[in-house]
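# Report on the structure
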Amino acid sequence: MIETTSYDPHWILDNPFSDVNYNKQYSSHLINIFNTQILNRNQFSNEEDSLLGFKDEEDSQFDIQNKADFSSYPDYFLPKFSEFSSHKIRNYIANSQKWVGYITELNKDFYTARLEDITHGGTYEVGDFFYDEVSKEDREYLKLGAIFYWSVGHSVRNGQVIKESIVRFQRLPKWTEDDYNEALDRANDLNQTLKWD
Amino acid sequence: MLFKESLQIKTMSIVLIGDFNPVIIQPFWLASRKLIREQEAQNAHVEIIHNELVKFELDWVSIEITKSRFEAKSSQEPYFEPMRDLCIGIYELLRETPIKSLGINHLLYYAIADEKQFYEFGNRLTPLNNWDEYLTSPKVSQLEIIEEKRRDGQNGAYRVRIQPSDQPLSTPYGILININDHFAVDKGESGRNREMISILKGAWTESVKRANEIPEKIYNKIFPQ
Amino acid sequence: MNPSFDPPESNTAEISVLGTGGGYGECSIIHLGNNSWVVVDSCIDPLTHSSLPLNYLKKMHVDVANDVKLIICTHWHDDHILGISELLENCKNAKLSLAKTTDRVKFLSFVSLDFQKLRSEATASSTFEINRCFDILKSRQQDIISAVQDRLLISLDQGGNRNEIISLSPSDYIISEFDKEISTLITEFGDPNQKIVFQTPNTKSIVLFLKLGNHRAILGADLEVTEDIRHGWLNIINSCQSIDKKASHFKVPHHGSENGYHSKIWIELLKENPLSTLTPWNRNNKLPTPDMLKQLITHTDRLFMTSKLLKDKPKDRKKEIEKIISRQKRNLREDRYHFGLIQSRIDFCDPNAEWEVALFGNAFHVN
């Protein structure tokens, strides 16, 4: 009798990875759902104006060159999920200089902020920012201590290089009761355990 | 020359694996919670809103959500931290969402100057003369190196994948270094304790630092100055 | 005295004042004799984020785990205690001293709430440091010593001499005011994307009185002079019981500002021509002003500063980035890091000994 031992498959085979590449295996259920969507043909064409889709329900794999036979399909198309994004990145900004800052003074026409260089680190800086550079919808964030991001660099938009300076205030949801309770629990725990002389 | 001088495009993506309800997350929901500007919601390009799949783009970030996976992606460096804040904000509001793993992904696109250096890059990473006998004019197509036990002690892994660029760059010799900084809950954990969102907050700075350093250091190792 | 990292002799007291130019904290490192050390406040090198007092002690081969007995946090202001948690972590036997709070739960609630803000980069660095310190002390089950007027913080018998450090502030009045301020800070806690900007941190500063054999020293922290004699320097002059002799060593308070100056301090608390040390402030309103400097040198010809006042200038950057920034008229100026250390030593067994000074980095003799 051959003894068999059970073994755990290597974790690599077992874990859904959190990387950018899409999982190539779609359930046929999902494919059926997608196949019944009525979608605008133009939204899913690639730059060669050819249309991609599933070859058939069983084959949900793509590569960039794959082209479907659409003669049997009605006039609707499917979102494209490919191993590598064949969607060209048209707008990008790289190699910018970035800071995170907080407002230390509110003056008549400008605010002053303390800035941390998050590109290179090192020493802090102080700078002045005019109110009219702040987007209308960000104005409510103009308070002492408000956190914002500032970056300076070149963007590429559809091939056009543009010098840009971007100021964006940080947005996070307001505190909930849970947040307060968590903090107060910590405070109570510290109060019980710290020894004060 | 510093390798980073060849860097042309940087993309970051935050991927969450868990149990999601895609239809909740739509541009107007985000604006109503003040996670994005109203104007941004109005200008959003929505590809699909469906129980199983939601996919839309703002000026600076694209979002795709299925029942098991959430992804936010941006190629605009000034918006990487706002993108992180957006993900944190969404799942602070939807705090009951079970999230079992997190990927902070860095895609770095380098335009290599010439064919010789392009070939040498792969050749020095994995010596191709080992293959000469068996393959005609072998080239590196994709290389993946993995750290199975994270050096910070967190559950997860760290993967570096090197492949030719899938984006057109200023030279035809583009390289993509795709780094997956992967975190996961302990086996058996439900992911309901918001561990992954805490890690997203705490690990971000180090993740960015490490992803910026590794390509530079590897390049300097294989092309010593 | 030539600068040297040789550790002091067992009967030699040392007070070393370490400055960073203003933006990255300052601290004082005290040797009480027989390898017993105390560190007051903390600071970091912004380029490496390393703890500067720790670097100094390690350069002298001090056994930081055992020989640092106490770390005193004189006041809880952003940037004055940068690196203090790393210091405490390394100094495994050191206790921590903070200004007293009467409502501990409220104080701990406030720091815990601000700790929650850490997630959004909104927290003051000081609350991160304090929270880390609390976690360390909790795991070590170590005491926190509350500093209040006339409290003995540490006392060591050094071969017949009792060397001690006593807190001269905060006063009872300030302690109760601090509790009110915390209540206000909690109610006006603000959004998670909003840093708390402290209003009056200096009033709670801990001024220290050192007894080193027959010699005395006063470390002035950031305490200011106020008309209200319930707190500030006039309160110390009028109310403190611990000051038994005039001091021959003085760390000038609040960066030599007008707010930290009163002639009574020099007349009633200090000997003639005391050795005086000062850390400058290079942000916004620079301190000390030229006028104050002139005033200070009328009291002593032994005034030392950890570094000079620096002209505002922007950080060096790539040309194309500089061009974009300069077009926007941001008036961007760097919070410059300028390390300086004033090392002063005295034989505490000799009542007639004089302080000897050595200067490191950018420290210089003003007169």
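Everything discussed here concerns the structure shown above.
An account of the accompanying structure is given in this report. This structure is a prediction, so every number in the text was calculated from the model and none was measured.

Parameters and conventions
Residues numbered from 1 in each chain as written. Chains lettered and ligands numbered in written order. Predicted model: local features only at pLDDT ≥ 70, side-chain atom pairs only at ≥ 80, totals over all residues. Helix = DSSP H or I, 4+ residues; strand = E, 2+ residues; numbered from the N terminus. Buried ≥ 20, exposed ≤ 12 C-beta atoms within 10 Å, placed from the backbone. Contact = placed C-beta atoms within 7 Å. Nonpolar A, V, L, I, M, F, W, Y, C, P; charged D, E, K, R; others polar. Pairing = 2+ DSSP bridges. Axes fitted to C-alpha atoms, helices over the stretch in contact; angles between N-to-C directions.

### Focus on the overall build of chain B
Assigned secondary structure in chain B consists of five helices and nine strands. Along chain B, helices (α) and strands (β) appear in the sequence β-α-α-β-β-β-β-α-β-α-β-β-β-α when read from the amino end. C-alpha extents for chain B along the principal axes are approximately 60 × 40 × 30 Å. With 225 residues in all, chain B has 46% of them scored as buried. Here the analysis covers contacts within chain B between residues at least 6 apart in sequence; of these, 64% occur between residues at least 24 apart.

### Regarding helix 1 (residues 52–59) of chain C
Inspection of helix 1 of chain C places C:Leu52, C:Pro53, C:Leu54 and C:Leu57 among the buried residues, and these make up the whole buried set. Where helix 1 of chain C is buried, its residues meet strand 1 (12–19), strand 2 (26–33), strand 3 (36–40), helix 2 (64–67) and helix 3 (84–90) of chain C.

### Concerning the interface of chain A and chain B
Contact with chain A, which involves 32 residues of that partner, is made by 42 residues of chain B. At the level of elements, helix 2 (28–35), strand 1 (91–93), strand 5 (147–157) and strand 6 (160–169) of chain A are the ones that each hand at least two residues to the side of chain A that touches chain B. For the side of chain A that touches chain B, the leading source of residues is strand 1 of chain A, giving three residues. For the side of chain A that touches chain B, a count of residues per class yields 15 nonpolar, 11 polar and six charged.

### As for the environment of C:Ser248
By the element assignment, C:Ser248 lies in strand 11 (residues 247–251). Setting aside its immediate chain neighbours within four residues, C:Ser248 contacts C:His215, C:Arg216, C:Lys271, C:Pro274, C:Leu275 and C:Trp355.

### Some details on the interface of chain C and chain A
Counting residues at the interface gives 45 residues for chain C, matched by 39 residues for chain A. Looking at the side of chain C that touches chain A, the elements with two or more residues in it are helix 4 (104–116), helix 5 (125–140), strand 6 (143–147), helix 10 (319–327) and strand 14 (333–334) of chain C. Considering every element that reaches the side of chain C that touches chain A, the biggest residue donor is helix 4 of chain C, with eight residues. Taken together, the residues of the side of chain C that touches chain A break down into 19 nonpolar, 12 polar and 14 charged.

### Thoughts on the environment of C:Met60
Residues and elements named next belong to chain C. By the secondary structure assignment, Met 60 is in the loop between helix 1 and helix 2. For Met 60, a count of 17 C-beta atoms within 10 Å translates into the label partly exposed. When the C-alpha atoms of Met 60 and Thr 184 are compared, they prove to be 44 Å apart, with 124 residues separating the residues in sequence. Met 60 has contacts with Phe 5 and Pro 7, leaving out every residue within four places of it along the chain.

### Considering the sheet that holds strand 5 (residues 95–99) of chain C
Strands sit in the order 7(A)-6(C)-5(C)-4(C)-3(C)-2(C)-1(C)-15(C)-16(C) across an open sheet of nine strands; the sheet is mixed. Looking at which strands have only one partner, the edges of the open sheet turn out to be strand 7 (195–196) of chain A together with strand 16 (356–361) of chain C. Of the pairings in the sheet, the one linking strand 5 of chain C to strand 6 of chain C comprises four bridges and is parallel in character. The residue bridging C:Leu96 from the neighbouring strand is C:Ile144, located in strand 6 of chain C. Strands strand 1, strand 2, strand 3 and strand 15 (340–347) of chain C of the sheet are contacted by helix 1 of chain C, whose axis makes an angle of about 35 degrees with strand 2 of chain C.

### What about the sheet that holds strand 7 (residues 143–147) of chain B?
All names here are of chain B. Read from one edge of the open sheet, nine strands run 2-3-4-5-1-6-9-8-7, paired in antiparallel fashion. The strands lining the two open edges of the sheet, one partner per strand, are strand 2 (45–49) and strand 7. Neighbour-to-neighbour, the strand axes of the sheet open up by a mean angle of 10 degrees, direction not taken into account. Both strand 1 (residues 7–18) and strand 6 (residues 99–112) contribute to a ladder of 11 bridges, which runs antiparallel. The partner of Ser 13 across the bridge, within strand 6, is Asn 105.

### A short note on unusual backbone geometry
Residue and element names in this part refer to chain C. Ser 169 connects to Pro 170 through a cis peptide bond whose omega is 5 degrees. Tracing the backbone through its elements, the reader meets Pro 170 in the loop between strand 8 (161–167) and helix 6 (172–187). That bond from Leu 287 to Pro 288 is cis: its omega, 0 degrees, falls within 30 degrees of zero. Relative to the elements of secondary structure, Pro 288 occurs in the loop between strand 12 (270–278) and helix 9 (290–296). For His 49, which is not a glycine, the phi torsion comes out positive at approximately 60 degrees. In this fold, His 49 is placed in the loop between strand 3 and helix 1. You can call His 49 partly exposed: it has 13 C-beta atoms within 10 Å. A positive phi is found at Asn 331, a non-glycine position, where the angle reads about 55 degrees. With respect to the helices and strands, the residue Asn 331 is situated in the loop between helix 10 and strand 14.

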